Amino acid sequence: MTTSAMTLAYQRASALEPGPRGGLLGLQTAGGAGPRGALGNPQFFSGFLAQPRPAAAGLLAVADVAAARYYQPERRGLLDPVVTGNGDRLRFESFSGCCGVHARLDVLTEGLEGRETEHGTTNVDINNPLREALSLLGPDDPLHLRVGPDEMAVTTAAGPVVEKKVPLPDRWVRGFGETQVLAAAFDLRAELNAAQAARFLRSLPTGSSRGGTARWLLPAPGGVLRATARAVPGAVCLAGPERLGALRRALRHATGLRVYGPAVRAGSDPVASAWELTLPGMRLTLTLSPAVARGFSGEGAVLESLAVETAAEDAELLGVLLAWEPRVEVAELAERSGLDAARVRAGLTMLGTSGRIGYDVAEAAYYHRELPYDTGRAERSNPRLRDARELAAAGSVTLQGATGRVDSGGTVYQVHERDGALSCTCPWWGKYRGGRGPCKHALAVRLVRRGEFAAVAGGTR
Amino acid sequence: MKTATTPGGREFARERLLAAVREGKPHEVVVRLRMLDDADRRACLPVLKQLRENLRQGRPGEFRGQPRLALVVAGAGCQTGAAALVSWLLARDLRGFGPLPVDWILGAMGHRDPQWLTDVAHRLAGHSATAVENHDLIRALLDRSGGPLPDGDEFVRGWVVSQAVGLRMRPDDSLVDRLRADPLTRALVPRLVAVSGVSRELAWTGSDSWTLALPALAGEGVLDRAELLGALIGALVRGGRPAALRPFLEMLRRLAPSDRESKEHLAAWAALAADGPSTVAAYAQEKAGELAATGDLDAARLADVSAAVLCRNEKKLVRTQLGLLDRAMRRNRADVPLLLPVMGTVFGHEDEALAERAVKLVVKQLKHADPACREELAAAAVVLAPALRARLAEVLELPDAVDGEGAEADLLPPPPAPEPLGAPATDPAGIAAEVAALMAGGRSVADFERAVDALVRAAHQDREALAAALTPVLRRQWWAEHPEYVLRHTRIGIAVAAVTGHVGAAEMRLAEQNERHNASLYASVDKVYTARMCEIAWAVIDGLPLPFLLATPDWSDGTLEPATLIDRLAAYATAGRTPAPVDFGQALLRVRTDTITQQDLTAALALRTAEGVRLAEWLARGGLPGRSAERRTGRIASRGHYWAARRDEAPVTRFTLGASTELRRHFPPALAVLGHSYDPFTSGIFWHTGRIEYACAVLPYTPETVAVWRLAGLARDVETDGRLSLGELRALAEAPGSVGPVVHLMLAHALGARHAEDRLGAADALLVLAARGVLDPETLGADLADLIARGTVKITRLTDTLGNAARTGAWGTVWSVLAVVLPQLLASEQQWTGLGGLLTVAADCAERCRPAAGPRGLDAYADRSGGSQAVRQARRLRAALGG
């Protein structure tokens, strides 16, 4: 697995300190980007939190996921969360070390007492003393939040004080981006009130499920999620229930739980799902992969966007027009870019795969953020895409009408397109039937069809 | 030894050093290095690098002794940059197994200044892979340089590991002594708790464990007690896996914080009781309770902690917290308005007894409550079970519940609706992809039938094109080169191999001959599919491929509309083709007979073919005539399996199946074999098919027959605590034919399966039957009572399944089954394990669905003395029935 390293340089460690009017939560920032380009130690927000304890619990939940590894849980996760200022809200995001769980805490405008935030995305330092202090927050303590260094404080002349060197596996970065693309296909499946949510989450097993079979939950009247052994239309998939454990911390502050998932057919294979705990003025959302052992990185949603020929150029254009909006309005963007809505959507999907856009299932809308990592590298070195490029470049693809023949290692695979969906005769496609994106043969055919590579002479039409 | 000064002397000294490396004598390298100054050492470096390269390439004859070690030591003396030195020391090609030799390396670096040595030590400590094993070298470097300790976790980890090395071999040495003597102990112990990856060392038990040593040292004053206490509590607050936290909790217990110390960490106890793992939370709860008793924990904070603890699902924690609140309220009546509202949190708890305890507390203390408190409780009472709600309603003067008194209707899932099969692929490449997916395994009947249909149609239209597309797919199958295995190992593969020409008439004949003598019931259902594929293959080989199949179902459950079949037969007649016998036979078994009209019969007769007449007769008779299935209890003769021998001594219940004359007389052999009678007590064949869904699609209208075959294996799996196949019960419950006692007996077994996933499947099947309106509670209940009495079904497992089904809203359905099961259990003198749980489910159901009468023997049982859960729940059930 390819891994690059990243160094985060914070001016000092984040801390929760006593202040003149309650606690002062100083979250330190490093790196990232804003409307005016790359950032050093940006300041995003300063103001009181409307609900200190739920906010602290939500923040800890996000930090828990960043530090977690649900599959083979011996090794710890690695990274600090990412925060995005969208003007009217702050979004704290993290991704588990096993690439299977995405967590996001949205502190909405009510949660920030209406104060505005700066625009941009950056890393925030979370350290052990801070975690302790957040856990120990009393019931009535007011809390002043500052995201970014204190401009008033005298900064030490020696430069950055807290340096964190973190490894950045490619598949982790890819998975972080792909979550957004998958979530865009989710719909609301169930809504539970606080008591029902507590009852449901309490009933889940806490121990490791060791990659056992995914369970399906069918919303029944009365806020009950009925477990079934098999997918039925309207059901949501819950793979590895212990991965919802991070919600438990914030459960007692919750006002409800909403469950999202893609549409499924009877007997469908496991799919991803999103679990949103509503907190006063905040939302805490966990997105789970289809299996504990399956990271988002291999889901191949990024590869589907290659189907649209103009997506790459459109994405580039759209990327310039975005300015950290909390909600990206497709119609408005279409007008500004001069593209039609379908192309804007495809372009946004493409941006999602490189982590340049997030998807908020609660509002069913994209929002702008830029992951403060080198996402391009991870995307370029996508194993399936790389293999497809090799196949196409080696001239292994022959086109015959709707069928493409790919000669890979002496075996000929046939890629067939029917109603816009690709099928292939390779064992991988046979196993997942397109459930994890196109296979490398299908991708190679796409690349050739788009003219990025020449097909073998003779068969091309 | 002095360094050489003359040019000749220096040259000589350098040569001696390199010779020592080639000789592989690290101790001599150290000695030779002392004769060289910095410039000389630098001059040696290129040669050392060259030697390293030579060593890597494994040149024979150049080296002797331990050249790798000698090179490492020589490099340690000659490298001048700290970073270069560390990468030399840790180089994979130079390093053997185990730590670096401390004395030699220190000897080689004897002349370096302290700052440089500290730098090297810190760099070594920064490498996570080697910091632990080279801990002694790092320590030695730091000792010599006197520099500060490294910040990283790896250094601490190395320290922990090194403390324990060799302890077992030296009885005079102990961990406490070592730690006491080690000057770093005081500095490193507080850091220790924040380091991940040492939990295994810390969790050691026995006289030399860390959990004993650290509290002992704190007692002696070697460690700062307050600091250690703070560090341990901080580690627990940060959280982690319970196993990693266990040593910290153990140490905390041993330290036994005093009241004064405990008071300082009040916020931590509150946070831990709320969010810690259950063992930690229990300890924190105890501490918080002590503080509440002394008045250090004020009522507002206690209410806050309680709200969080009562939210947890550990019954013990909730129970303890309720006791704590009770004592607090009795101690100070003025606190009641603050504390009483949190009781509402428990009202929704799964454990009825806890909710009851909370209600009792509320009733007792309500006279001290204020109106706001009463209001909050009234709002929370909505989630209470009806009986408890009524109790609370009395004292709170709640309005009568609007819907609470009446019976609630059952919420059942919608009855299963079969989906249309969908259009087959037409393009050869598309068909090849479907076929490849089928060969990869695990697809549904609908996928299979659709792919076969597509294959047959395409083979009829353009066999060449299809063969070209299928050949690469077939090439991946191991049996493609061994046609004699085709029949035995493949299903759709037979047809594919015929289309591509991999098998011809000779191979088919040979393969069929091998199969023919094996005409037993074993895998009989699977063989129907094989026979259909053989028909397709033969038609292709004979050059007369079938235009399409008659038996392809219209619906995903394997059923076929009469009109479709008549149309297909008409097309065959027009084309002058005779239907293939197994294909036609299968089509008859699949055709729907419950909705036929006179028009259908007329149309079938109007075909004027033998098949048309047969179809008309078949439809008019209502399909396959029923066959006898007889319930029998007896012993199955042991077949010598050691694991089954004990079970075989006990009598079991199975069904025997009568023969079907219709199938045996009027269907081709592959289907006729299904008409044989079957007696699981004598047959010994439990295996008729790999996947029950496929069996249901062969005989969609007689799930009872399929169930008789499958029951033999499934019941045995339940009796021996084995795994069931998840899909099979659902497939049977959803089958369009009528279900009866056999499916019910199968369900009764599955409801008590050992594995939770299997029970989930059983609950699904129960709800599907109920939703279809074909569940017979009397039969199921009687079967369950029988299986419980025989010990096959454990009550605790049944409680779990039925509880899950009931909680989704199927209260009435579950009650109807329990009403039959309970009388036998209540009347028995036996002490049933888990009866209390089952009665709880029954009471939950009865409170919601308000049945007219209770099970026989309930009164007598409820009147028994004692306060066991079973008796208490029996009383609750009686109350629910009476109310």
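One can find the structure itself at the top, above this paragraph.
Just so you know, these numbers come straight off a predicted model, no measurement behind them. Within each chain, residue numbers correspond to sequence positions counted from 1 in written order. The lettering of chains begins at A and the numbering of ligands begins at 1, in the order of writing. Only residues with pLDDT of at least 70 get local features here, since the model is predicted, and only at 80 or more are side-chain atom pairs given and counted; chain-wide, interface and lining totals rely on the full set of residues. Note that water and hydrogens are dropped before the side-chain values are worked out from all heavy atoms of the structure.

### Examining the overall build of chain B
Thinking step 1. Across its full length, chain B carries 50 helices and two strands.
Thinking step 2. The globule rule used for comparison is 2.2 Å times the number of residues to the exponent 0.38, while the radius of gyration itself is calculated over C-alpha atoms. Its C-alpha atoms give chain B a radius of gyration of 40 Å, clearly above 29 Å, the size a compact globule of 883 residues would have.
Thinking step 3. Reported as C-alpha extents along the three principal axes, the dimensions of chain B are approximately 120 × 90 × 50 Å.
Thinking step 4. In chain B, buried positions account for 54% of the 883 residues.
Thinking step 5. By the convention used here, residues are in contact when the closest approach between their heavy atoms is within 4.5 Å. Restricting to contacts in chain B with at least 6 residues of sequence separation, those with at least 24 account for 73%.
Thinking step 6. With the model as given, the accessible surface of chain B reaches about 37100 Å², and the carbon-plus-sulfur share is 52%.
Thinking step 7. For chain B, the separation between the mean place of its 104 positive charges and that of its 105 negative charges on side chains is 6 Å. Secondary structure counts use DSSP, requiring at least four H or I residues in a row for a helix and at least two E residues in a row for a strand, with both numbered from the N terminus. Each residue is assigned to one of three classes by its accessible area relative to the maximum for its type, calculated with a 1.4 Å probe on protein chains only: buried under 20%, partly exposed between the two thresholds, exposed over 50%. Every accessible area reported is derived by Shrake-Rupley at a probe size of 1.4 Å, with residue values counting cover from the shown protein chains alone. Positive charges come from Lys and Arg, negative ones from Asp and Glu, while His and the chain ends are left out of the count. All charge positions are set by atom: Lys at NZ, Arg at CZ, Asp at CG, Glu at CD.

### A closer look at the sheet that holds strand β22 (residues 397-400) of chain A
Residues and elements named next belong to chain A.
Thinking step 1. Pairing between strands is defined by DSSP: at least two bridges between the two strands are required. Strand order in the open sheet made by the four strands is β22-β23-β24-β25, with antiparallel pairing throughout. Where the open sheet ends on each side, the last strands, each with one partner, are β22 and β25 (421-424). Direction aside, neighbouring strands of the sheet carry axes that sit 20 degrees apart on average.
Thinking step 2. Axes here refer to lines fitted to C-alpha atoms; in helices the fit is confined to the stretch in contact. Angles between the N-to-C directions go from 0 to 180 degrees. The strands touched by helix α13 (residues 440-449) are β22, β23 (403-408), β24 (411-418) and β25; relative to β23, the strand with the most contacts, the crossing angle is about 120 degrees.

### So, the interface of chain A and chain B
Thinking step 1. With 44 residues of chain A at the contact, the number on the chain B side is 54 residues.
Thinking step 2. Buried area: the accessible surface (1.4 Å probe) lost by two parts on joining, summed over both. Both faces combined, the contact of chain A with chain B buries some 4200 Å², and carbon together with sulfur accounts for 52% of it.
Thinking step 3. Ranking the residues of chain A by area buried against chain B places Arg202, Arg252 and Arg433 of chain A at the top, with a combined share of 17%.
Thinking step 4. We define a salt bridge as a contact between a side-chain nitrogen of Lys or Arg and a carboxyl oxygen of Asp or Glu at a distance within 4 Å. At the junction of chain A with chain B, the criterion picks out six salt bridges.

### As for helix α45 (residues 777-790) of chain B
Residues and elements named next belong to chain B.
Thinking step 1. Multiply 1.5 Å by the residue count of a helix minus one, and that product is the helix's expected span. With 14 residues, α45 should reach 20 Å at 1.5 Å per residue; the first-to-last C-alpha distance of 20 Å fits that figure.
Thinking step 2. Turning to α45, its buried residues number three or more, namely Leu780, Gly781, Asp783, Leu784, Ala785, Leu787 and Ile788.
Thinking step 3. In this fold, the buried residues of α45 make contact with β1 (629-634), α43 (741-751), α44 (756-772), α46 (795-807) and α47 (811-827).
Thinking step 4. Residue aspartate 776 occupies the N-cap position of α45, its side-chain oxygen lying 3.2 Å from the main-chain nitrogen of glutamate 778. N or O atoms within 3.5 Å of each other form a polar contact, as long as, within protein, one can give a hydrogen and the other can take it, and as long as residues adjacent in sequence are counted only when both atoms are side-chain atoms.

### A look at the pattern of salt bridges
Pairing is possible between side chains of opposite charge, provided their charged atoms come close.
Thinking step 1. One pass over the full model with this rule turns up 76 salt bridges over all chains.
Thinking step 2. In this structure, aspartate 844 of chain B and arginine 876 of chain B form a salt bridge, with 2.6 Å as the shortest nitrogen-oxygen distance. In this pair, aspartate 844 of chain B sits in helix α48 (residues 835-849) while arginine 876 of chain B sits in helix α50 (residues 869-882), placing the two residues 32 residues apart along the sequence. Neither aspartate 844 of chain B nor arginine 876 of chain B differs from the other in exposure class; each is buried.
Thinking step 3. Put simply, Asp88, Arg89, Arg91, Arg104, Asp106, Arg283, Arg327, Glu329, Asp360 and Glu363 of chain A are held in one network by salt bridges that share partners.

### Concerning a positive patch on the surface
Residues and elements named next belong to chain B.
Thinking step 1. Surface patches are defined over residues having more than 30% relative accessible area and no salt bridge, joining like charges when they lie within 9 Å and nonpolar side chains (Val, Leu, Ile, Met, Phe, Trp, Tyr) when within 5 Å. On the surface, Lys316, Arg319, Arg327, Arg331, Arg357, Lys360, Arg872 and Arg875 cluster together into a positively charged patch.
Thinking step 2. At the level of elements, α20 (315-331), α22 (352-365) and α50 are the ones that each hand at least two residues to the positive patch.
Thinking step 3. Among the elements that line the positive patch, the one with the most residues is α20, at four residues.
Thinking step 4. Following the sequence through the fold, arginine 319 ends up in helix α20.
Thinking step 5. The partly exposed category is assigned to arginine 319, whose relative accessible area is 39%.

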